[in-house]
Amino acid sequence: MNNTIRQPTGGQGASPSPAGAALSVVLAGGGTAGHVEPAMAVADALSALDPDVRITALGTARGLEMRLVPERGYHLELITPVPLPRKPTGDLARLPPRVWRAVRETRAVLDVVHADVVIGFGGYVALPAYLAARGIPGVRRRVPVLIHEANARAGIANRVGARTADRILSAVPGSGLRRAEVVGVPVRAAITSLDRAAVRAEARRHFGFADDARVLLVFGGSQGAVSLNRAVSAAAADLAAAGVAVLHAHGPKNTLELRTPDPGDPPYVAVPYLDRMDLAYSAADLAICRSGAMTVAEVSAVGLPAIYVPLPIGNGEQRLNALPVVHAGGGMLVADAELTPDLVAREVAGLLTDPPRLAAMTSAAALVGHRDAALQVAEAALDIARRARDRGQAARGRR
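Residues numbered from 1 in each chain as written. Predicted model: local features only at pLDDT ≥ 70, side-chain atom pairs only at ≥ 80, totals over all residues. Heavy atoms only, no water.

### Topic: the overall build of the chain
- Within the chain, the regular secondary structure consists of 16 helices and 14 strands.
- Taken across its 399 residues, the chain has 53% of its residues classed as buried.
- Taking contacts inside the chain between residues at least 6 apart in sequence as the whole, the part at least 24 apart equals 67%.
- Surface summary for the chain: the accessible area is close to 17600 Å², and the carbon and sulfur share equals 54%. (Helix = DSSP H or I, 4+ residues; strand = E, 2+ residues; numbered from the N terminus. Buried < 20%, exposed > 50% of the residue type's maximum accessible area, 1.4 Å probe, protein only. Contact = heavy atoms within 4.5 Å. Areas by Shrake-Rupley, 256 points an atom, 1.4 Å probe, with all protein chains shown as cover.)

Put into structure tokens, the structure is as follows:
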């Protein structure tokens with residue numbers, strides 16, 4: 001059952017877990033899929049390492065965690081959302097009361113669940129969690145904090161939390177967080193354990209492709225990407241002429257204008273959404289996609305070569321996310337404004353008709369991918385929690 005905390009509470013802060021109780025871990029990563037999915041991957045890894053561990057996810061009523069956390073079978077506590085404005089606006093003046101309300105609510109959660117460690121992934125709920133975990137000598141017990149930064153450029157919440165965090169992990173070097181250890185992005189086990197070659201025949205039958213087809217996978221995140229949709233659909237005739245089949249997830253709110261295929265053309269399979277990304281990755285030889293942290297992590301973890309097209313807004317982190325894979329030879333980087341139908345046809349046909357080059361990119365992508373990131377984050381969190389509990393019990397024994 002999911003509980004919602006709506007009223008500010010005082011309390012005495014997070015009390016220690018009773019002796020012999022299972023470890024209690026609080027995950028702070030709500031808002032977008034880029035925050036929630038790594039948190040859920042770590043939750044799964046925690047449960048695998050310690051079946052008795054108690055996991056609580058923090059979230060808000062407006063985030064994807066409202067659906068994703070219960071679907072994965074974990075307990076969700078809701079707090080006041082704290083969106084951090086990037087520019088001086090009226091929201092900035094209203095921010096302090098909103099933050100402190102969320103902090104009070106989070107302190108109540110930490111107290112109720114007897115939190116042993118907080119794992120923060122950035123986003124709306126992370127900042128209140130970091131502030132709530134801070135101790136006050138003689139008044140409030142401090143809860144240890146582990147931070148994971150998925151993006152190549154750390155956000156505000158994680159930059160604040162990193163100042164007092166016990167340990168900091170990151171997806172790539174150069175995130176801007178001092179003391180960060182590079183482990184990659186936590187990815188769900190269904191992806192990290194995927195053997196694309198072993199599943200390929202099944203995957204191609206699932207989507208209606210021939211066993212020997214050359215398949216391009218196109219996706220722009222859960223909502224699709226209009227610029228990718230336009231460029232690839234407009235290149236359909238050239239791709240078909242080159243013998244390239246297409247699996248295209250265009251987004252539930254988008255549509256594609258596709259030509260009527262000629263007899264004998266390879267299939268162009270257009271779907272609003274892909275709920276079996278494991279099969280999509282296995283069916284494909286090459287992907288065209290955005291380069292959000294989660295996308296890059298999954299695509300490289302399964303060893304799929306990709307043409308990355310960073311989202312052309314924000315602070316440029318999507319381009320930075322893709323650079324390690326591109327520099328390793330496992331992908332290409334194309335600016336959104338440069339993604340034309342001609343470029344799609346030329347690059348895709350060139351890659352899919354050059355088996356040695358494609359094989360080299362596949363190997364490079366697999367080498368740069370991190371399949372054990374979730375496990376590393378989970379192990380670090382349990383280690384921090386056990387050490388903190390041991391110190392607390394030793395201190396109480398000296399009294």
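Picking up after the structure, the text goes on.
### Brief notes about the side chain of Arg107
- Its place among the elements puts Arg107 in helix α4 (residues 95-112).
- Buried and without a salt bridge, Arg107 has Asp111 as its closest oppositely charged side chain, separated by 10 Å.
- Discounting chain neighbours no more than four positions away, the residues touching Arg107 are Leu131, Ala132 and Arg140. (Lys, Arg positive; Asp, Glu negative; His and termini not counted. Salt bridge = Lys/Arg side-chain N within 4 Å of Asp/Glu carboxyl O.)

### Notes on the pairing of strand β5 (residues 117-120)
- Alternating residues of β5 divide into Val117 and Ile119 and Val118 and Gly120, and every residue in both groups is buried.
- Note: strand β2 (residues 24-28) against β5, 4 bridges, orientation parallel. From the neighbouring strand, Val26 faces β5, where its bridge partner is Val118.
- With 3 bridges joining them, β5 and strand β6 (residues 145-149) adopt parallel strand pairing. Across the sheet, the residue bridging to Val118 is Val145, located in β6. (Pairing = 2+ DSSP bridges.)

### What to know about the side chain of Asp50
- Within the secondary structure, Asp50 is located in the loop between α1 (33-49) and β3 (54-59).
- Although buried, Asp50 forms no salt bridge, and the nearest oppositely charged side chain, Arg386, lies 4.1 Å from it.

### Topic: the nonpolar core
- Counting 41 residues, the largest nonpolar core has Leu217, Phe219, Leu274 and Tyr281 as its most contacted members.
- Setting aside its immediate chain neighbours within four residues, Phe219 contacts Leu228, Ala249, Met277, Tyr281, Ala287, Ile288, Cys289, Arg290, Thr295 and Val299.
- Counting 33 residues, the second-largest nonpolar core is a separate cluster that includes Leu23, Met40, Val53 and Ala57. (Core = buried A, V, L, I, M, F, W, Y, C linked by side-chain atoms within 4.5 Å.)

### Some remarks on the packing of helix α12 (residues 293-301) against helix α13 (residues 317-328)
- Relative to each other, α12 and α13 sit at 20°, their axes nearing to 8 Å. Between α12 and α13, the angle falls in the class roughly parallel. The way α12 lies across α13 gives a crossing that is right-handed. Contacts from Ala293, Val296 and Ser300 in α12 reach Asn321, Ala322 and Val325 in α13.
- Taken together, the residues of the contact of α12 with α13 break down into 4 nonpolar, 2 polar and no charged. (Axes fitted to C-alpha atoms, helices over the stretch in contact; angles between N-to-C directions. Parallel < 35°, antiparallel > 145°, perpendicular 65-115°, else oblique. Left-handed = near helix turned anticlockwise from the far one by under 90°. Nonpolar A, V, L, I, M, F, W, Y, C, P; charged D, E, K, R; others polar.)

### A word on the packing of aromatic side chains
- Tallying each qualifying case throughout the model produces 2 aromatic pairs.
- Centroid distance Phe207 to Phe209: 6.5 Å. Interplanar angle 40°. Geometry classified as tilted.
- By relative accessible area, which is 13% here, Phe207 ends up buried.
- Measuring from centroid to centroid gives 6.3 Å for Phe219 and Tyr281, while their planes differ by 65°, and the two rings are edge-to-face. (Phe/Tyr/Trp six-rings, centres within 6.5 Å; stacked < 30°, edge-to-face > 60°.)

### A short note on unusual backbone geometry
- For His114, which is not glycine, the phi torsion reads 55° and is therefore positive.
- Inspection of the secondary structure puts His114 in the loop between α4 and β5.
- Notably, Arg179 is not glycine yet its phi reads approximately 70°, a positive angle.

### Section: the pairing of strand β10 (residues 244-249)
- Along β10, 6 of the 6 residues are buried, which leaves the element largely enclosed by surrounding structure.
- The alternating pattern of β10 places Val244, Val246 and His248 and Ala245, Leu247 and Ala249 on opposite faces, both of which are buried.
- Note that strand β9 (residues 214-219) and β10 share 6 bridges and pair parallel. Directly across from Arg214, in β10, lies its bridge partner Val244.
- Where β10 lies against strand β11 (residues 268-271), 4 bridges are found, and the strand directions are parallel. Across the sheet, Leu247 pairs through a bridge with Val269, a residue of β11.

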